[in-house]
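Survey of secondary and tertiary structure
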Number of protein chains: 4
Amino acid sequence: MKKLNIGMVGYGFMGRAHANAFRKVGNFFNLDYQPVLKAACGRDAAKAKEFAAQWGFESIETDWRMLIARDDIDVIDIAAPNDVHAPIAIAAAKAGKMVLCEKPLALNAAEALKMVAAVEKAKVPNMVWYNYRRVPAVMLAKQLIDEGKLGRIFHYRAKFLQDWTISSDLPQGGAGLWRLDAKVAGSGVTGDLLAHCIDTALWLNGPMDKVTATTETFIKERKHNLTGKVEAVSIDDASLFLARFANGSLANFEATRYARGHKALYTFEINGEHASISWDLHDLHRLQYFEHRDEGRVRGWRSIHVTDSDHPYMDKWWVPGLQIGYEHSFVHQVADFIQGLQSGTPAAPTFRDGLATDYVTDAVLKSARSGRWETVKR
Amino acid sequence: MKKLNIGMVGYGFMGRAHANAFRKVGNFFNLDYQPVLKAACGRDAAKAKEFAAQWGFESIETDWRMLIARDDIDVIDIAAPNDVHAPIAIAAAKAGKMVLCEKPLALNAAEALKMVAAVEKAKVPNMVWYNYRRVPAVMLAKQLIDEGKLGRIFHYRAKFLQDWTISSDLPQGGAGLWRLDAKVAGSGVTGDLLAHCIDTALWLNGPMDKVTATTETFIKERKHNLTGKVEAVSIDDASLFLARFANGSLANFEATRYARGHKALYTFEINGEHASISWDLHDLHRLQYFEHRDEGRVRGWRSIHVTDSDHPYMDKWWVPGLQIGYEHSFVHQVADFIQGLQSGTPAAPTFRDGLATDYVTDAVLKSARSGRWETVKR
Amino acid sequence: MKKLNIGMVGYGFMGRAHANAFRKVGNFFNLDYQPVLKAACGRDAAKAKEFAAQWGFESIETDWRMLIARDDIDVIDIAAPNDVHAPIAIAAAKAGKMVLCEKPLALNAAEALKMVAAVEKAKVPNMVWYNYRRVPAVMLAKQLIDEGKLGRIFHYRAKFLQDWTISSDLPQGGAGLWRLDAKVAGSGVTGDLLAHCIDTALWLNGPMDKVTATTETFIKERKHNLTGKVEAVSIDDASLFLARFANGSLANFEATRYARGHKALYTFEINGEHASISWDLHDLHRLQYFEHRDEGRVRGWRSIHVTDSDHPYMDKWWVPGLQIGYEHSFVHQVADFIQGLQSGTPAAPTFRDGLATDYVTDAVLKSARSGRWETVKR
Amino acid sequence: MKKLNIGMVGYGFMGRAHANAFRKVGNFFNLDYQPVLKAACGRDAAKAKEFAAQWGFESIETDWRMLIARDDIDVIDIAAPNDVHAPIAIAAAKAGKMVLCEKPLALNAAEALKMVAAVEKAKVPNMVWYNYRRVPAVMLAKQLIDEGKLGRIFHYRAKFLQDWTISSDLPQGGAGLWRLDAKVAGSGVTGDLLAHCIDTALWLNGPMDKVTATTETFIKERKHNLTGKVEAVSIDDASLFLARFANGSLANFEATRYARGHKALYTFEINGEHASISWDLHDLHRLQYFEHRDEGRVRGWRSIHVTDSDHPYMDKWWVPGLQIGYEHSFVHQVADFIQGLQSGTPAAPTFRDGLATDYVTDAVLKSARSGRWETVKR
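An account of the accompanying structure is given in this report. (Residues numbered from 1 in each chain as written. Chains lettered and ligands numbered in written order. Predicted model: local features only at pLDDT ≥ 70, side-chain atom pairs only at ≥ 80, totals over all residues.)

1. What to know about the relation of the copies chain A and chain C
Take chain A, turn it by 180°, move it 0.0 Å along the axis, and it overlays chain C with an RMSD of 0.0 Å. The superposition of one copy onto the other is thereby described by a two-fold rotation axis. Judged by C-alpha distance, Arg372 of chain A is the residue of chain A that lies nearest the rotation axis, at 2.9 Å. Interface overlap between copies: 100% of the residues of chain A at the interface are likewise at the interface in chain C, consistent with a symmetric, same-surface contact. (Least-squares fit on C-alpha atoms with pLDDT ≥ 70 in both. Contact = placed C-beta atoms within 7 Å.)

Structure representation (structure tokens):
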């Protein structure tokens, strides 16, 4: 069993999700590499130590440059805020490290392009953590589409609805709230939530040609949680767009943090000539499937409980009927990354795939400003 | 177009449902007979007049004997409380009238048997208003079972859950509340709600061999709504039983008026070797269907929206996607009754079918007293 | 009881829905006026006769001008294709008749404006059959919004999804298929389906400021069902738009006949500061309601079975738990129209309300051509 | 941080679930004890080694007596078939080890009673792995009941439906299939599935007084998977019973492996005076809750997505909207066991609680044979 030494930057929500995935993968998947939690890196040494203790990292670093400089690290895993993705990833690639990066890849496509150039020049394995591709029901959707079960695609629609920022008392900025700060996050829901919807859509339905969008900031000013000063809110609270895909299908996309009653309702639906599919993150272990070729009288949306051993990844877990959850999508992504190392065919989404999503989010934000349809760069 | 002159006894909830069905059937079904609302009969002349005016009955009677005596009446339709089903039906049969009777057929099987004897001796068309058989989704279930799609049946389960008598302030007896009076109703939920479940079950799954039951009266005393006196409650508030069908399947049945959150949740599920079916009255336009022979990866319960023209009765109504409701089951029953007249093959459930259900409810009540399994008479 | 003599133009699907409503309303609602089916009018005398016989119309006409000329007609009810709405309505108004008109009001807003002018000049009661407002669950949504339960509104989204024109074998034009002919229908799904979504939205959420849209015709040519000639398809098969409402909320709307698995899935959702609501036509007797002010641990979307006597219109029908269906929305609209006559306050949507929807559909179609945001006229 | 050295017997499905729980608990819960996977024990040394390697056990044993004899083991965890629960647990208790035991506690109550005596005499911490108590939604149900939100309880109903043994080609006996062998399993679905339903029911609704039951073996003979001989099937394939609880509520219970379309559908519903609750294992992250005291018009079943930080255990995992799965119930049970050690109040269910369930399953099997109501021993 070969070791795969992980150096992780960041110890927040995503740091936990990644660490858990690295720890668990070997118990459930038979792989040639065993991830080793070698070092956790964060600016605050006390917090980094606490995180390392909780998760079994062997050491800590407080400067990511030092982490990258270490010989005993194979993989730099970036679980830090968006504004540091590019410098870390580029430096890591230059140092010959494999690079895993949280989504979205960068603050914008220009930055993302440099990251792609860096990893491709260095020829290092690289991957973006668009984890929802690896939910078994979503992977099953991919299989069905690739097998042609849907036929010609007419419609794609996706939403990501949350409601956690509705209160005007919620402060912005600072630790834990960097997602409300455009300087750190790049954008609001466009890069945070829509990016997930777009990554899945490009993967399932191919490239997009053009978009028309609108965004809104419902609460215009908030108190900063560190300085106490009232500041203009810089992010988009909601972002909607219409799109036309290269395959001729029409789409609408929406993300918001102002949809009361929805916590993390990522949902998509695809309508094809012969069949339709829909899925949502609140019941992630189910896939809804409508097969028009069923006998007419007994045609109906099938609620597939994606827990059987012939469902993607599910032979690795429990028995039929017993569901897995959110965290398992990360485990699957690690497993696929390692299998990519074994096979030589890198696991998607690579940085180049992540760049494609950034091209779309750039076009969305541009259209929201211009009021026009904008072409999506490829 | 031949006339079918209706004389209806009763002007309550069921009287309205029947009157509506007689009025509507000709607009949607092409039949040889047109029902004519000839006379409405009830003890209270003012109420009978009001009812007749609302529904377009041509005349009223205040004594059902006078109604039966009239030459211009073809059909006696009994929509009155359970304790008068037998005398009216028997007299009507003797007078050579066709007889339609609300369910349950009688206060008990002994009485029902006399009614069966009367209509069979008189050779008059007869039918019991177990209307739920004619919900399109339920009729579709019947088709699927009869076609053998389910294969060998292992399990049947049915419930009828309500919550309208939980308050101890609810009075008993008197007008509108006769369902709480065992002398008038025969029993509580056993005859009122379980009877529906049993009628459907016998029709879909064949005869029952034996049952073991338990019943309960949760509120032991109530004030009478007319006399003001506190009286012992005579009916069963809840009734549960296990059953074994002749085909070897096992079943459980339950009815109660103490299931908070359920208004009229009649639901059944049938599990067969190859497929399963479930249905509920709160979404009566849907049938849930699981087909094991579907490809494994995309197997799931299908939610069939029973509104297509190839679904039972649905070619008569609107267009796909547009649902019908409760009242339409009565329209279908009238249509089928008339088609039975046309074809000479009487529409089910006949009085004899209604008797079969009374045999089961008798066995249930007997078992609840004896604490033993009781054989169901046939 | 006063008579309200109805002269109906058209005997298709909508003719049946209206006739049924006129016939039923008096059985369930206590009103001062009783609709009388005086005359059915259609170009084909044989079909008109058959329709009149089925529904109990006293007479027929084959020219709507003759119908309008009759003294014994109080109300002209237009259930004919869209291209004749304007001439009939304007003539009827000039003749002093009340006018009821199927939706959409006209082929476009310019035409609709003339109709508004005609009825307002003649001061005749007028109404457009946007029947979905009168589904009890939708009316309940209106009540909750008007009571302020949702607070500030952030999002509105609506879809109307069908799948009946996907087959390229489906012909166009001619009897029964006029909805596929832009000359007769005005547009495709924009006027047919989106119009419903827009009418409800304007009613629930107030006026729209501007829209950006895209439309598509997926099957470009079809054989004509009468001539047999292959012709270009003139209608939009799908129509999507983003909107901004005057109240600051953002919206997306979509209608299509290419969404496999959906028969008539009209659905809307509204997200407010304190509560959210959603509804769909496939389960029209339910309203989904999320109340953020519920205690946190037990907060969840409530599935309200809108069948209680304190729900809109439901005291007129059956008992709790027993659902009504599609056709009842028309009965309610007739009842409200008559109550408008009684009270002197006309029932909405009037022709002026219908015009507002045509202004939106015009803006949508214009934006789909221009590729720009278009302002909605008011 | 103190160590808690685990010696586990068994390396099958349950062995994996326990091992995963011991490994994960420290990453998500802050506890005084850290479980250490000290030794895995199984008769087949090669398999035990493989299992130990996969999960990080430090050593193996092939004889459980040797495991118990080791000084470096604090806890004996029994994840082996039912027929060895008693001897291992009794020996472990005598050796002063803490004992965790898979459910059901024993082959029957007589045996379970000896196990209770052993652990109580030895005063060793003990627990039975009825893991479903620790599903957050189920624990939330417990909280709501204990707070009195439901008021007087009228009804309890529970089912555990599977369909994996319907095929007559499925062999019986031998490795992996011991659940089909009554000598090893004690009974069929009664001990395997109903036991879960009963454990939850006793915990939520208090003790049961009496039961009447029926069981069935649908496939009477199967080929043995090792010997190839056709043998009589000794287990119950389905088991149904009615019950009366000490609190006056009525119940029905059902378990079967012949319910086509259900993989592991454990579901329960409780109807109280003021509120009702239902839950099912196929969507284990949701609780359905009906609160009658809500305003009438907006009353409805609430679908609670149990993923908020104020929900039981959920502050330990991800963020609202992101669900956990089956395996987490075991992690919670380990956490609670350790907290029981810390506080001195042992975590339930103890062996004594497990015995109570065995008393019920004994009564169920007895009633199925006697055809009578049987009293439940306490």
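2. Observations regarding helix α2 (residues 45-55) of chain D
By the burial criterion, the buried members of α2 of chain D are Ala48, Phe51, Ala52 and Trp55 of chain D. The buried residues of α2 of chain D occupy one face: seen down the axis, they fall within an arc of 100°. Those residues of α2 of chain D hidden inside the fold are in contact with α1 (13-28) of chain A together with α1 (13-28), β2 (33-41) and β3 (59-61) of chain D. Looking at the residues trailing α2 of chain D, positive phi occurs at Gly56 of chain D, about 85°. (Buried ≥ 20, exposed ≤ 12 C-beta atoms within 10 Å, placed from the backbone. Helix = DSSP H or I, 4+ residues; strand = E, 2+ residues; numbered from the N terminus. Arc of directions from axis to C-beta.)

3. Concerning unusual backbone geometry
Excluding glycine, residues mostly carry a negative phi; peptide bonds, for their part, are mostly trans. The omega torsion across Lys103 of chain A and Pro104 of chain A is -10°, close enough to zero to call that bond cis. Cis geometry is found at the peptide bond from Ala348 of chain D to Pro349 of chain D, where omega equals -5°. With a phi close to 70°, Tyr313 of chain A is a non-glycine residue in the positive phi region. The buried category is assigned to Tyr313 of chain A, around which 22 C-beta atoms lie within 10 Å. One non-glycine residue, Lys123 of chain C, lies in positive phi territory at about 55°.

4. Description of the sheet that holds strand β4 (residues 75-78) of chain C
All names here are of chain C. The parallel open sheet is built from six strands, whose spatial order is β3-β2-β1-β4-β5-β6. Of all the strands in the sheet, just β3 (59-61) and β6 (126-128) have a single pairing partner and so form its edges. Each neighbouring strand pair of the sheet contributes to a mean axis angle of 25°, computed without reference to strand direction. Summarising the sheet, strand β2 (residues 33-41) and β3 pair through three bridges and their orientation is parallel. Pairing of Cys41 across the sheet is with Glu61, part of β3. The sheet strands contacting helix α2 (residues 45-55) are β2 and β3, and the helix crosses β2 at an angle near 155°. (Pairing = 2+ DSSP bridges. Axes fitted to C-alpha atoms, helices over the stretch in contact; angles between N-to-C directions.)

5. Some details on helix α9 (residues 328-343) of chain D
Residues and elements named next belong to chain D. Look at α9: 22 Å from first C-alpha to last across 16 residues, which is about the 22 Å you get at 1.5 Å a residue. In terms of burial, α9 is largely enclosed, as 12 of its 16 residues are buried. Every buried residue of α9 is listed here: His328, Ser329, Phe330, Val331, His332, Gln333, Val334, Ala335, Asp336, Phe337, Ile338 and Leu341. Where the residues of α9 are buried, they touch β1 (2-9), α1, β2 and β6 (126-128). Residue Gly344 follows α9 closely and has a positive phi angle near 85°. (Expected span 1.5 Å × (residues − 1).)

6. Some details on the relation of the copies chain B and chain C
With an RMSD of 0.0 Å, the fit of chain B onto chain C corresponds to turning through 180° and sliding 0.0 Å along the axis. With an isologous cut-off of 70% or more, the 100% of interface residues of chain B that recur at the interface of chain C puts this contact in the isologous class.

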